[in-house]
Each structure stands twice: as structure tokens, then as C-alpha cells.
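Residues per chain are reported as follows:
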Amino acid sequence: MNRNDEDIAADRQSAESLLEAAGKVDLRDPRVVMSLLEADQVVAAKRQSRFGQRNLSLGVRIMLWGLRAYVAVMLILVLISVVRAIHSAQ
Amino acid sequence: MTRARSWKHKSKPFGGARVLWLLVGPGILVFLGENDAPSMLSYAATGARFGIGFFIPFVVFTFVMGYVVQEMTVRLGAVTHRGHAELIFDRFGKFWGFFSMSDLVLGNFLTLVTEFIGIRTGLGFFGVRPVIAVGGGLAIVFAAITTGRYWTWERITLGLAIFNGLFIPAAILARPDWLAVGHAMLTWTPLPKGNGAEILLLILADIGATVTPWMIFFQQSAVVDKGMQPRDIRAGRFDTLLGVLLASAFGVAALLATVPLFHHGIDASQFQAALFAEALRPWIGHIGAALFALGIFEAGIVAAIAISTSSAYAFGEVFATGHSLNRPLRDAWPFYSTLLGSACAAAGLVLIPRAPLEFVVLTVNVIAVLAMPPALAFLMLLVNDREVMGEYVNSGWENAAGIAVTLFLICAGIEFAFATVFPRWLGR
């Protein structure tokens, strides 16, 4: 077997292993299907399904409301500090 | 098999680098986009006020926090193939979704206004009239989106973003004491002295220059638009890390460029871009000053492109209209209208004579910091949601880092609240 034959054999082996791997792809697995699609196909495909709304525990709801109150108070304080800064500049 | 592998490596010697080149983009763009006009001016003000010391490692530290946050968006986008706004609406419902969007819309619009201020004042250094400068900025935003492909848009914006590096030669021309820089990096000293309220404002501004809500929404949507998959997460992390390294180097360079003003005792508290460049001219020369002004212009342009795109992505996701840069203008006109509409409104505001623009400049980075904890809470909840993320949920370390960043930002906000309610507390 000369060097050229060796290369051809290696290529054939590589092609066979790729075909074998392709045969093992489970197209029923949505993650596999997603990974095989083009970017615009993914955008179109994902429109077919949506994640449902999750149940928010009491702790999570308290945290989200707390952070919302935090932002509201802080925005008022920002307004106060800006009015002060503008007045002192004048 | 081994043979086949070696054949593959022989035929594609730079295969790995080529794949990385194809996959990098959102991470670099988001961090160089966040090195925007107000951020660079905030670093410049820091350098002019406090010189080399505590703030150099502190700026680098804020970028580490930025990495912790943005890495989570890469995973979320690659695994779910959904933008951030869309996921919040899906998992938390409309009520919390609209709250989250209101923070984003307010923050994005104010930031966009400051970008056009940066564009106007940056070109003002060269004598360009405000109408021409702002109109030119709008034309570049428009030109970037007419390509009809995310890939082309990304490469054009990356090409512009690399000019953020103009601050490096400006810093070199300022001849900083590199030994002092090394000492500051290792010891976080000398600590800033003087007016506590001013120090706190600069700390908040420097944090707001690195971690903001629009970055979360933008990078996740860009990862989706780019078509990244879970197998690309590693490359996405590298892309984000590269963005952090470049942006932190350019940010520190902006700080170092203005250190001569500190050494000569020049008060830079009311400076904008052109004034900084003018003030620096005697110490870093005309070329250095021009580089600084061009850097501010570039920072404004890239951020204007990225932030208006971030608003458009979120709008498209929430109202379920086409929201991809891969779509032609006529197919996704609501998406492109939001993008251009927000940019035009911000540009128009900048051109109104005697508009209270100081108000916007003063508040934009502070508002970004204060709006960040709720955005981080949603991000942390989503990235720990096994139903959404499967095996890609946060590890214990990632949660610890995310919680630490959130608590740090809340503490900074509370300190700001104390300083506002009790002005004498920090020795104003």
C-alpha cells in the first residue's frame, strides 16, 4: 500500500464514520433538530412553541415587589439629587 | 479515526481560529458598545479628578462583574433561542414583563440621548456643526441596518467598535507613570480623598459604565440572531472575555489620558467631550486631543447602533413581530422603525436649543446602576430555571458570583439614597 492508497483509505474511513454518526442522530429530539437548523429557521421554529408561565413562589413575588419598590424610591431620589444639582449650578 | 483527525488538522491549520472568528461578535460588541460616550467621559472625569490610584483596579473590577452577568446571557440565548424580553414575558407574564420593559425603555432612551451628545461634542472639537454631526451619526446607524444580514451588520459595527482603541495612543501621549499604574493595580491605592458625595457619584457612574440592563437584552438577542447553539457556549464565553479585556483596556486608557489634568489641578467636573479634548491639548498635543475627541465620537456611534438595536429587539420580542437583522426592511418594518425611531427621537432632542441635557448626562449612568438589581433578579431566576435551561443552569459558583454582583449594586444604590437624603453624611 503506497502513501496515496493510505490517504484514500483514511478518507473513506472518515466518510464512513461520518455517515455512521449521521445515522445515529435522533431527529425526534427537538434539541438535535434545533442544532441542525439555520439561524432564520430557528427563529421560525421557535415560534411554534412557547415556554409556559412559571408559578412564582411567595418568596420570589416578595423579592420582585421589593426590587420594584427599590427602583421607584431610587428614581425619586435621582430626581431630587438632579434638581438640587441644577439649582446649585444656577 | 486518528488518521482522519490528523488529515483534518493538516488541511485546516487555523480551523479553530476561523471558527472563533465566525463566532465572536455579540460579546465584543456589547462591551465596546457599553464603552460609550458617557462611560468614557465618566472614566475621563475620574482620571482628571483622582489621577492614578484606587479607580484603576476598580474599573477593571466592574468589568469582571460585567463578565459574570453577560456570560449568563450567552447561555440563556444559546440554549433557549429566545431574546431576554421574550423569555421574561413567557415565564413571568405580562405584568412583570412590562415593568421590566419600562426600565429598559427609559434607560435606553436616556442613554441614546447621551450618545448623540457624545457624537455632537466629539465632532464639535473639529468644528463640525451640530446638525451635520448628529445627522451623520443617524446616517451611519441607518447604513448599518440596510445590509439585511445580521452577519454584515455585526462586522460593520465591530469594525467601527475597534476604534474605541483610539484612547490607547491618547493615554500613551499623556505619558502616565506605569510604575504607579502597576502599584495601583496591586494595592488599590492611593484611595480617593476629598468630597465623599463626589467620590460616590463617580463610583456609581463607573459601575453604570460597565453593567447596565440594555447589555443583558442586547447580548441575548444578538446571540439568538447570530444563531448560536449550546455547542457554541464556549466560544460565546471567549467572545465575552475578549470584549471584557478590550473594553477594560480602553476604559483604563481613557482614565489615564486625563491624568495630566489631575496633576495640573484643573477642575474637570463640568467638562464634556470637546472641553476635555481642548483642556488636554497643552499636555498631550493636538494629535492626542484629536484622538480623544474622535474616540468619544466613535463611542457614541457604536453605542447608538447597539442600544437602538437593543430597544428594537425587545419591542419585536414583546409584540411578536419580526425582530431580526436577517430580515429585509419591508418584512420587519416595525422592528426597523423602532430602531430608527428611537435613534431619531434621541438625535432630535440633542438638537433642541436649551434642552436640559445636563439632566440626562447627570443621571444616565446612575439610573443604569439603580435599574440593574431587578434586571439581574430576572436573569438569575431564568438562568436557574431547569425547565428553560436544562443541564445549563447556573452552578453554585456562578450563583454565588451573580448574587454577589446583585448585592454589591444594591449596596451602592442604598449608599446613594443615604447620600441624597442626608447630604452631610458624606461630607458634601
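Up top you'll find the structure we're talking about.
Caption draft 1: Molecular detail of the environment of Ala-143 of chain B. All names here are of chain B. Mapped onto the secondary structure, Ala-143 falls in helix α7 (residues 130–145). On the accessibility criterion, Ala-143 (40% relative accessible area) is partly exposed. The sequence separation of Ala-143 and Trp-153 amounts to 10 residues, and the corresponding C-alpha distance is 9.1 Å.

Caption draft 2: View of the packing of helix α6 (residues 84–124) of chain B against α7 of chain B. Residue and element names in this part refer to chain B. Between α6 and α7, the shortest axis-to-axis distance is 9 Å and the interhelical angle comes to 130°. Looking at the two axes, α6 sits oblique to α7. Judged by the sense of rotation from one axis to the other, the crossing of α6 with α7 is right-handed. Residue-level contacts link Phe-116, Ile-119, Arg-120 and Leu-123 of α6 to Pro-130, Ala-133, Val-134, Gly-137 and Leu-138 of α7.

Caption draft 3: Expanded view of the packing of aromatic side chains. Residue and element names in this part refer to chain B. Inspection of the entire model under this criterion finds 29 aromatic pairs over all chains. Here the aromatic rings of Tyr-150 and Trp-153 are separated by 5.7 Å at their centres, their planes lie at 40°, and the arrangement is tilted. You can see Tyr-150 and its partner Trp-153 sitting in helix α8 (residues 150–161), three residues apart, about one turn around the helix. Each member of the pair, Tyr-150 as well as Trp-153, carries the same accessibility label: buried. Taken together, the ring pairs connect Phe-50, Phe-54, Phe-55, Phe-58, Phe-61, Trp-188 and Phe-408 into an aromatic cluster.

Caption draft 4: Spatial organisation of unusual backbone geometry. All names here are of chain B. Along the chain, Thr-189 connects to Pro-190 via a cis peptide bond; the corresponding omega equals -5°. With respect to the secondary-structure elements, Pro-190 resides in the loop between α10 (178–187) and α11 (196–208). With a phi angle near 45°, Arg-175 is a residue other than glycine that sits in the positive phi range. Within the element layout of this structure, Arg-175 appears in the loop between α9 (167–173) and α10. Phi at Trp-188 is positive, roughly 60°, even though this residue is not glycine.

About the criteria used
Here the residue index of a chain counts from 1 through its sequence in written order. Each chain gets a letter, beginning with A, and each ligand a number, beginning with 1, in the order they are written. Totals for whole chains, interfaces and linings use every residue, but because this is a predicted model, local features are given only for residues with pLDDT of at least 70 and side-chain atom pairs only at 80 or more, for both listing and counting. Side-chain measures were taken over the full set of non-hydrogen atoms in the model, leaving aside hydrogen atoms and water. Under the DSSP-based scheme used, a helix requires at least four consecutive residues in state H or I and a strand at least two consecutive residues in state E, with every element numbered from the N terminus. We call a residue buried when its accessible area falls under 20% of the maximum for its residue type, exposed when it is over 50%, and partly exposed in between, using a 1.4 Å probe and counting protein chains only. Where helices are involved, their axes are fitted lines through C-alpha atoms of the stretch in contact, as for all axes, and angles between N-to-C directions lie from 0 to 180°. If an angle is under 35 degrees, it is roughly parallel; if it is over 145, roughly antiparallel; if it lies from 65 to 115, roughly perpendicular; otherwise it is oblique. Handedness of a crossing is defined here by the sense of rotation of the near helix relative to the far one, left-handed for an anticlockwise turn of less than a right angle and right-handed for a clockwise turn. Whether two residues touch is decided by their heavy atoms; if any such pair falls within 4.5 Å, the residues are in contact. When two rings of Phe, Tyr or Trp (its six-membered ring) have centres within 6.5 Å they constitute a pair, described as stacked for plane angles under 30 degrees, edge-to-face for angles over 60, and tilted for the intermediate range.

Geometric values such as these leave the question of function open.
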